[in-house]
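# Architecture at a glance
Okay, here's what each chain looks like letter by letter:
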Amino acid sequence: MTFEPERLGRTRSDLAEALRILRKRAGKTQTWLARRCNMSQTKISNIESGRLTPALVDVELILEALDTDDPAAAQLRELARTANIEWQDDWSSRRRGLDKKQNELAGLEAITTEFRFFLLSAITGLLATPDYVRASLADVPGDQSKTIAKKLERQSVLYNSSKSFTFLLTEQAVRWPLLPPVAMAMQLDRLVSVSRIPNVRLGVIPLAGRIPEMPLNTFTVYDRRLATVETGTGALILRDHRDVTAYREDFDRYESYAVFEDECSELLNEWSRIFTRQRE
């Protein structure tokens, strides 16, 4: 199935309709199906009305309960996978207001326990100094003071000891000179400080030696719930467990090339000193 961002919303409604038709053709009620799938009748109703996008495992349970033949099952599985992909383009986010996006992220962070951030080319907002946050929004027209304030407020989640964070930053992400040298030195000092928070594991992948991997995007994995993949014009939200598992596996491989703790701090301090000397 070709990926077409504008089709994603229609795919969700297509899936809801297909599952509803499948149940009716089998001559079963929502109550019967709910009982066979160990779901509530309300959940089945929400799936069939399109109010709830079912996970692939939900679709598998429904297909098994209704004894669906292979061709129809394969099509529904493909619909389910596509329905669990969401595209958030930057232009729409800007029209709504980037502060609204910060509220959504804060909500996601509130229900997540285990975070994995792979940062290919820039430092994420949870790790950023106020200057870095402002610079990252410099190309966005209008007053972004609310967005900046909410980005900085979100950093408090790092101190929630019930959550664990692993940040992997490439050397390029750390050293990209988004700010003047002194401000960049302060940003690197912030990374060292954050790395000392007990529930934070921060590693850097140095551009040295051989790395037989070629990452293409920054991505974040939230528990086993979803993964977000950033592109130049927006972000993909992936909820299919196969996609989430694939990014968790990618993360584990990249983690094997990173340095942590004292070795990481030494590198960050060295690069900070290089920025500091650039002003002299």
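These numbers were taken from a predicted model, which means no experiment stands behind them.

Looking only at helices and strands, the protein chain features 13 helices and seven strands. Here the C-alpha coordinates of the protein chain stretch approximately 80 × 40 × 35 Å along the principal axes. The buried share of the protein chain, reckoned over its 280 residues, is 47%. Considering only residue pairs separated by 6 or more positions, the protein chain has 76% of its internal contacts joining residues 24 or more positions apart. Here the protein chain has roughly 14,900 Å² of accessible surface; of this, 50% comes from carbon and sulfur atoms. Each charge sign in the protein chain was given a centre, from 40 positive and 40 negative side chains, and these centres are 5 Å apart.

Quick look at the packing of aromatic side chains now. Evaluation of the coordinates by the stated rule reveals 10 aromatic pairs. Aromatic side chains phenylalanine 117 and phenylalanine 167 sit 4.7 Å apart centroid to centroid with 20° between the ring planes, which places their arrangement in the stacked category. With phenylalanine 117 in strand S2 (residues 114-119) and phenylalanine 167 in strand S3 (residues 164-170), this pair connects stretches of sequence that are 50 residues apart. Accessibility classification places phenylalanine 117 together with phenylalanine 167 in one group, the buried group. Taking 6.4 Å as the distance between ring centres and 50° as the angle between the ring planes, the aromatic pair formed by phenylalanine 219 and tyrosine 254 counts as tilted. In this pair, phenylalanine 219 sits in strand S5 (residues 219-222) while tyrosine 254 sits in helix H12 (residues 241-255), placing the two residues 35 residues apart along the sequence. One aromatic cluster is present, built from ring pairs that chain together Phe115, Phe117, Phe165, Phe167 and Tyr222.

Here we come to the packing of helix H7 (residues 98-110) against helix H9 (residues 145-154). Contact geometry for H7 and H9: axes closest at 8 Å, N-to-C directions at 15°. When the axis of H7 is compared with that of H9, the two are roughly parallel. Considering only the axes of H7 and H9, their crossing is left-handed. On H9, the residues touching Leu98, Asp99, Gln102, Asn103, Leu105, Ala106 and Glu109 of H7 are Lys146, Thr147, Lys150, Lys151 and Arg154. Classifying every residue of the contact of H7 with H9 by side-chain character gives three nonpolar, three polar and six charged.

Turning to the pairing of strand S6 (residues 226-230), a few remarks are in order. With four of its five residues buried, S6 lies for the most part within the structure. In this sheet, S6 lies alongside S5 in antiparallel orientation, the contact comprising four bridges. Of the residues in S6, the one forming a bridge with valine 221 is alanine 227. Between S5 and S6, which follow one another and run antiparallel, lie three residues, and aspartate 223 among them has a positive phi close to 50°. In textbook terms, the turn of a hairpin is the stretch between consecutive antiparallel strands, and for S6 and strand S7 (residues 234-238) this stretch comprises three residues.

Tracing the backbone through its elements, the reader meets lysine 101 in helix H7. The spatial distance from the C-alpha of lysine 101 to the C-alpha of valine 221 is 17 Å, given a sequence separation of 120 residues. A polar contact is formed between the side chain of lysine 101 and the side chain of glutamine 88, at a distance of 2.3 Å.

Rules used in this analysis
- Residues numbered from 1 in each chain as written.
- Predicted model: local features only at pLDDT ≥ 70, side-chain atom pairs only at ≥ 80, totals over all residues.
- Heavy atoms only, no water.
- Helix = DSSP H or I, 4+ residues; strand = E, 2+ residues; numbered from the N terminus.
- Buried < 20%, exposed > 50% of the residue type's maximum accessible area, 1.4 Å probe, protein only.
- Contact = heavy atoms within 4.5 Å.
- Areas by Shrake-Rupley, 256 points an atom, 1.4 Å probe, with all protein chains shown as cover.
- Lys, Arg positive; Asp, Glu negative; His and termini not counted.
- Charge placed at Lys NZ, Arg CZ, Asp CG, Glu CD.
- Phe/Tyr/Trp six-rings, centres within 6.5 Å; stacked < 30°, edge-to-face > 60°.
- Axes fitted to C-alpha atoms, helices over the stretch in contact; angles between N-to-C directions.
- Parallel < 35°, antiparallel > 145°, perpendicular 65-115°, else oblique.
- Left-handed = near helix turned anticlockwise from the far one by under 90°.
- Nonpolar A, V, L, I, M, F, W, Y, C, P; charged D, E, K, R; others polar.
- Pairing = 2+ DSSP bridges.
- Polar contact = N/O pair within 3.5 Å; in protein donor to acceptor, adjacent residues only side chain to side chain.

Structural measurements only, silent on function.
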